[in-house]
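# Topology and contacts: notes
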Amino acid sequence: MTEGLPEMPQGFDMNALMQQAQAMQAQVQQAQAELAVTSISGSAGGGLVTVVMTGSGEVTSVSIKPEACDPEDTESLGDLIVAALRDANNQAAALAQQKLGPLAGGMGFGL
């Protein structure tokens, strides 16, 4: 029952379309694998706090310089950590857009 479905144009090669989709899927998987092993660092407070994460968003380390640790003001340290995480996350998102954006655009996804 193909009632209501559009007709395929003459010369349409479903096998070629499937091969293109498989090739694009392989490219996406390769880009995702590259992101998973790419280290990105974000910092705040002029380098007082540095966060390192993978391009896929896994935090791998947090470095805090001693001068960032004021026992009287732990709230500021927390703010610096959040800011460093945000910085690293923004960089990871930009890298993902750079690597995956062109691929997703070809599939009709607007990353």
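As shown above, the structure is provided for reference.
Attention in this report is confined to the structure presented alongside it. (Residues numbered from 1 in each chain as written. Predicted model: local features only at pLDDT ≥ 70, side-chain atom pairs only at ≥ 80, totals over all residues. Heavy atoms only, no water.)

### Thoughts on the overall build of the protein
For the protein, the count of helices and strands is two helices and three strands. The order of α-helices and β-strands along the protein, N terminus first, is α-β-β-β-α. At a minimum sequence separation of 6, the contacts of the protein that also span at least 24 residues come to 48%. When the accessible area of the protein is evaluated, it comes to approximately 7800 Å², of which 54% is carbon and sulfur surface. (Helix = DSSP H or I, 4+ residues; strand = E, 2+ residues; numbered from the N terminus. Contact = heavy atoms within 4.5 Å. Areas by Shrake-Rupley, 256 points an atom, 1.4 Å probe, with all protein chains shown as cover.)

### A few points about the pairing of strand β1 (residues 39-44)
The two faces of β1 differ: I40, G42 and A44 on one face are buried, but S39, S41 and S43 on the other face are not. Where β1 meets strand β2 (residues 49-54), six bridges bridge the pair, whose relative direction is antiparallel. Counterpart to I40 in the pairing with β2 is M53. Here β1 folds back onto β2, and the loop between the two strands holds four residues, one of which, G45, carries a positive phi near 65°. (Buried < 20%, exposed > 50% of the residue type's maximum accessible area, 1.4 Å probe, protein only. Pairing = 2+ DSSP bridges.)

### Thoughts on the nonpolar core
Residues V49, L80, A84 and L100 are the most contacted members of the largest nonpolar core, which totals 16 residues. Elements represented by at least two residues in this core include exactly α1 (14-37), β1, β2 and α2 (74-106). It is α2 that contributes the most residues to this core, seven residues altogether. Setting aside anything within four residues of it in sequence, one finds V49 in contact with G42, S43, A44, V62, S63, I64, L77, L80, I81 and A84. (Core = buried A, V, L, I, M, F, W, Y, C linked by side-chain atoms within 4.5 Å.)

### Digging into α1
For α1, which comprises 24 residues, the first-to-last C-alpha distance of 35 Å matches the rise-based estimate of 34 Å (1.5 Å per residue) to within 8%. Within the sequence span of α1, burial applies to V28, A31 and L35. You can read the cap of α1 off the contacts: a side-chain oxygen lies 3.1 Å from the backbone nitrogen of N15, and it is on D13. (Expected span 1.5 Å × (residues − 1). Polar contact = N/O pair within 3.5 Å; in protein donor to acceptor, adjacent residues only side chain to side chain.)

### Describing the sheet that holds strand β3 (residues 59-64)
Backbone hydrogen bonds are what pair the strands of a sheet, in a parallel or an antiparallel way. Strand order in the open sheet made by the three strands is β1-β2-β3, with antiparallel pairing throughout. With partners counted over all chains shown, the strands left at the sheet margins are β1 and β3, one partner each. With direction set aside, neighbouring strand axes in the sheet form an average angle of 15°. (Axes fitted to C-alpha atoms, helices over the stretch in contact; angles between N-to-C directions.)

### Considering the pairing of β3
Pairing between β2 and β3: five bridges, direction antiparallel. Its bridge partner being in β3, V49 is matched across the sheet by I64.

### Let's talk about a negative patch on the surface
Together, D70, E72, D73, E75 and D79 line one region of the surface with negative charge. Mapped onto the fold, D79 is located in helix α2. On the basis of relative accessibility, which here comes to 48%, the residue D79 falls in the partly exposed class. (Patch = residues over 30% accessible without salt bridge, like charges linked within 9 Å, V, L, I, M, F, W, Y side chains within 5 Å. Salt bridge = Lys/Arg side-chain N within 4 Å of Asp/Glu carboxyl O. Lys, Arg positive; Asp, Glu negative; His and termini not counted. Charge placed at Lys NZ, Arg CZ, Asp CG, Glu CD.)

### Brief notes about the side chain of T54
By the secondary structure assignment, T54 is in strand β2. Only 3.0 Å separates the side chain of T54 from the side chain of S56, close enough to count as a polar contact. If sequence neighbours within four positions are ignored, T54 has contacts with L35, A36, T38, I40, T60 and A92.

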